[in-house]
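What follows is each chain in one-letter form.
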Amino acid sequence: MEPFTAVTGPAAPLLRANIDTDVIIRVERLVGTTRESMGAHAFEIWRLRPDGSEDPEFVLNRKEFRGAPILLAGANFGCGSSREGAVWALAGMGVRAVIAPSFSDIFRNNAFQNGLLPVVLDETTVRAIAAQVEAAPGNARVTVDLERQVVIAPDGSAHPFAIDPARREALLAGLDDIGLTLRAADAIAAWQRADRAARPWAWPAAPQQRT
Amino acid sequence: MATLFDKLWQAHRIAAAGRGQDLIHIDRILLHDLSGARALGEVAEKGYRVPHPELAFATPDHAVATAPGRTAETFARGAAGVAMLRDGANRHGIRLFDLGQDGQGIVHVMGPELGIVLPGLTVVCGDSHTCTNGGLGALAFGVGSSELTHALATQTLRLAKPKSMRVRFDGAFPPGTTAKDAVLHAIGALGTGAGAGYAIEWAGSAVRALPVEQRLTLCNLSIEMGARMGFIAPDETVFDWIAGRDFAPKGAAWDAALAAWRALRSDDDARFDADHAIDAGGIAPQVTWGTSPEHVIAVDAPIPAPDAAPDEARRKAWADALAYQGLAPGRPLAGTAVDWVFIGSCTNARLSDLREAAAIVRGRRVAEGVSAWVVPGSVRVKQAAEAEGLDRVFREAGFDWREPGCSLCVAANGEAVPPGARCVSTSNRNFVGRQGKDARTHLASPAMAAAAAVTGRITDIRRPF
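Quick look at the structure, then. What you see is a predicted model, and the numbers here were worked out from it, not measured in a lab.

A closer look at the overall build of chain B
Then, in step 1: Broken down by element type, chain B carries 15 helices and 19 strands.
Then, in step 2: The C-alpha atoms of chain B give a radius of gyration of 21 Å, which matches the 23 Å a tight globule of 465 residues would have.
Then, in step 3: In chain B, which comprises 465 residues, the proportion classed as buried is 67%.
Then, in step 4: For chain B, contacts bridging at least 24 residues in sequence account for 76% of all contacts bridging at least 6.
Then, in step 5: About 14300 Å² of surface is accessible on chain B, with carbon and sulfur atoms providing 51% of the total.

See the structure below:
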């Protein structure tokens, strides 16, 4: 996993509420595709017109926001399906951080698993940053600094954000959760031995091996 | 003073995982042909073991055709996912319920039906509607592929404990109002984001009176209110329903289970971080009008005007939704002409759902110009429905009677509602493009969907039609 320390660049304003994972990546793009290829299909419902051409009005098609590493979004970002493809699609189009008033729980977890940082700032602040970006499109730069836990707006104002410390450390180090958990294998095995005795009903028999 | 949620969490907590997270034991892992296949692939790629294959169960449901006579290859692009699921299951010795076999079905239909999911278990699946299984009193929740890989490789997840919310439906639901209507109403009243960060206990006298399949429907839509986990305290209704199922405990293990399950309830003095009460008696049959599950109204209520929205963001969302749906504010949804009807999905494709729909359809015909599908939730549901002749009721009326799978709920299998077509659907999401590019979705109960099929219009089932 790519470590996340700080990112500076254009921030694309997409301030709709309840942007769902179906809109971020259509389900058919999850079928028979690699995660690396999903960036090309991010937001295609909005990015493309019915004839397949790009809609120049859509914010992520504007040249100043193409490849923007930061997305400014409305509340409840990433609601809906659990598809991790939504995170892979965002990452594939170059997004490293999404700043929004709130995130869906599953999306937020998936983001952390892939080095994409979900930043929660209050709606007024997100709107203020978006207004600054729109006032100077192409020039405005936003910084998301995970080490200092702060977002720097184009006007230089600093906006601290909260993040679970364990998540922060894992992102800073680019740490994989599975490796971390497997270090506790003995504790897991001991818990399971006790649990088999306490809850025999919770443990089905091993399946017959097929021959 | 513990909540049911506290008890479920504590019972699975192996250790603190540092800085606000707990290491939680996972009792059941459900795998399907999209995220499940991908996670199994990742396990292989990274060289992990699956230490407890007996706790994982696999079935293809998402990207498989539901046409009669289908195989994994009928929808060619989905075949690779099914093949990966088969390979991974075989390699690790995980039980697989394959296409054409007994037990196959939509993962959240077959899991409870086979007794794989039980009260008091932690259950994960790479599918946000895993919360469905909370209807049995399980702590069940959706995860992404990475967390699913973690669960397969370690039988645990590192989780921060969500806050607790209780939503009570007090009183009794009126005739014509189902669990689907109740939960849609709650989402409309509280919002799609209301449950984010919470685990929801659905409670109250109207919920306690629900049969098991309705409880699964109610919990299914917890995620549409933002909550990854939603559950109902299990009771004798649930225990009777589970007894004797394939993977349910038997003999002494059953007695031990019953004793443990009877303690699974919130204490009378339990405190919730959020608590909501809804008058069950005031809930009419619901239909969504827009492109979010919170865009929902009673079938006879006027479609809201964007100018009446509580804030600017929602004014814009409502206006966009009305434009997408081709609707104007002010009139009720009842009477709106429909092109498609879909009865299926992990929300509403169980035997009782099909019975409810068939009761409306019996002796009637699907309206001219309407395409109507019934996609049973599992092989067992399909067989039970056929044994009581429900397939004939639907077929003779002009419905398609299909093979089990997710089908038009998620349109991941080459089946889709055509662009611009209006579909009354018993599924769970009315997002833009969810049922097909530019398709218009109206979520409703099975009886409401059946009534729309035979009248060709959104219809209030409480009135003669």
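Read on for the rest.
Observations concerning the layout of surface pockets
Then, in step 1: Estimated volume of the second largest pocket: approximately 880 Å³.
Then, in step 2: In terms of lining residues, the second largest pocket is bounded by 42 residues, among which Arg35(A), Trp88(A), Asn114(A), Glu42(B) and Ser146(B) are the most central.
Then, in step 3: Sorting the residues of the lining of the second largest pocket by element identifies α3 (85-92), α4 (105-113), α6 (165-173) and α7 (177-182) of chain A together with α2 (35-46), α3 (79-92) and α5 (145-154) of chain B as the ones contributing at least two each.
Then, in step 4: In terms of residue count, the dominant contributor to the lining of the second largest pocket is α2(B) (six residues).
Then, in step 5: Looking at the lining of the second largest pocket, its residues break down into 17 nonpolar, 12 polar and 13 charged.

Brief notes about the sheet that holds strand β2 (residues 21-25) of chain B
Residues and elements named next belong to chain B.
Then, in step 1: Spatially, three strands are ordered β1-β2-β8 in an open sheet, and the strand pairing comes out antiparallel. The strands lining the two open edges of the sheet, one partner per strand, are β1 (13-18) and β8 (156-160). Each adjacent strand pair in this sheet contributes to an overall mean axis angle of 30°, direction not counted.
Then, in step 2: Bridge count for β1 against β2 is four bridges, and the pairing is antiparallel. Bridge pairing links Ala15 to Leu23 in β2.

Here's the deal with the packing of α2(B) against α5(B)
The packing of two helices is summarised by the inter-axis angle and the distance between the axes.
Residue and element names in this part refer to chain B.
Then, in step 1: Taken N-terminus to C-terminus, the directions of α2 and α5 make an angle of 60°; their axes are 9 Å apart at the nearest point. As the angle between them shows, α2 and α5 are arranged oblique. The handedness of the crossing between α2 and α5 comes out as right-handed. Contact with α2, carried on its side by Ser35, Gly36, Arg38, Ala39, Leu40, Glu42 and Val43, involves Ser145, Leu148, Thr149 and Leu152 of α5 and no other residues of that element.
Then, in step 2: For the contact of α2 with α5, the residue count by class is five nonpolar, four polar and two charged.

Here we look at the sheet that holds strand β7 (residues 150-152) of chain A
Strands in a sheet are paired, the pairing made by backbone hydrogen bonds, and the direction either parallel or antiparallel.
Residues and elements named next belong to chain A.
Then, in step 1: Read across the open sheet, the four strands follow the order β1-β6-β7-β8; overall the sheet is antiparallel. The open sheet has two edge strands, β1 (6-9) and β8 (158-160), and neither has a second partner. Neighbour-to-neighbour, the strand axes of this sheet turn through a mean angle of 15°, independent of strand direction.

Overview of the interface of chain A and chain B
Then, in step 1: On the side of chain B, 78 residues touch chain A, which itself brings 58 residues to the contact.
Then, in step 2: Interface area for chain A against chain B, summed over the two sides, is near 5200 Å², with a carbon-plus-sulfur share of 55%.
Then, in step 3: Looking at the side of chain A facing chain B, the largest losses of area belong to Ile178(A), Trp191(A) and Trp201(A), adding up to 14% of the total buried there.
Then, in step 4: At the junction of chain A with chain B, the criterion picks out five salt bridges.
Then, in step 5: Those elements that place two or more of their residues in the side of chain A that touches chain B are α1 (21-24), α4, α6, α7 and α8 (185-198) of chain A.
Then, in step 6: Broken down by class, the residue content of the side of chain A that touches chain B amounts to 26 nonpolar, 14 polar and 18 charged.

A short note on the nonpolar core
Then, in step 1: If you look at the biggest cluster of nonpolar residues, it comprises 115 residues, and the most contacted ones within it are Phe43(A), Phe77(A) and Leu117(A).
Then, in step 2: A per-element tally of this core places helix α15 (residues 446-455) of chain B first, with eight residues.
Then, in step 3: Each of domain 1 (4-261) and domain 2 (286-455) of chain B accounts for three or more of the residues forming this core.
Then, in step 4: Excluding anything up to four places from it in sequence, Leu117(A) contacts Phe4(A), Arg96(A), Ala97(A), Val98(A), Phe112(A), Val144(A), Leu146(A), Phe161(A), Ile163(A) and Leu171(A).
Then, in step 5: Counting 65 residues, the second largest nonpolar core, distinct from the first, contains Ile178(A), Ala39(B), Leu136(B) and Phe231(B).

Let's talk about the packing of aromatic side chains
Given two aromatic rings, their pairing is described by the distance between the two centres and the angle made by the two planes.
Residue and element names in this part refer to chain B.
Then, in step 1: Going through the model one piece at a time under the given rule, you end up with 19 aromatic pairs over all chains.
Then, in step 2: When the ring of Phe5 is compared with that of Phe231, the centres are 6.1 Å apart and the planes differ by 20°; the resulting orientation is stacked. With Phe5 in helix α1 (residues 4-11) and Phe231 in strand β11 (residues 229-231), the pair connects residues that are 226 residues apart, well separated along the chain.
Then, in step 3: Phe5 sits in the buried class, given a relative accessible area of 2%.
Then, in step 4: According to the relative accessible area criterion, Phe231 is buried, its value standing at 1%.
Then, in step 5: Measuring from ring centre to ring centre gives 5.8 Å for Trp289 and Trp318, while their planes differ by 80°; the resulting arrangement is edge-to-face. With Trp289 in the loop between β13 (286-288) and β14 (296-298) and Trp318 in helix α11 (residues 312-325), this pair connects stretches of sequence that are 29 residues apart.
Then, in step 6: Its relative accessible area of 2% is what places Trp289 among the buried residues.

Each value, and the rule that gives it
Residues numbered from 1 in each chain as written. Chains lettered and ligands numbered in written order. Predicted model: local features only at pLDDT ≥ 70, side-chain atom pairs only at ≥ 80, totals over all residues. Heavy atoms only, no water. Helix = DSSP H or I, 4+ residues; strand = E, 2+ residues; numbered from the N terminus. Rg over C-alpha atoms; globule rule 2.2 N^0.38 Å. Buried < 20%, exposed > 50% of the residue type's maximum accessible area, 1.4 Å probe, protein only. Contact = heavy atoms within 4.5 Å. Areas by Shrake-Rupley, 256 points an atom, 1.4 Å probe, with all protein chains shown as cover. 1 Å grid on protein atoms, 1.4 Å probe; cavity = no way out; pocket = protein on both sides within 12 Å on 5 of 7 lines; lining within 4 Å. Points joined across faces, edges and corners; volume = space filled by probe spheres on them. Nonpolar A, V, L, I, M, F, W, Y, C, P; charged D, E, K, R; others polar. Pairing = 2+ DSSP bridges. Axes fitted to C-alpha atoms, helices over the stretch in contact; angles between N-to-C directions. Parallel < 35°, antiparallel > 145°, perpendicular 65-115°, else oblique. Left-handed = near helix turned anticlockwise from the far one by under 90°. Buried area = accessible area lost by both parts, 1.4 Å probe. Salt bridge = Lys/Arg side-chain N within 4 Å of Asp/Glu carboxyl O. Core = buried A, V, L, I, M, F, W, Y, C linked by side-chain atoms within 4.5 Å. Domains from an automatic or database assignment. Phe/Tyr/Trp six-rings, centres within 6.5 Å; stacked < 30°, edge-to-face > 60°.

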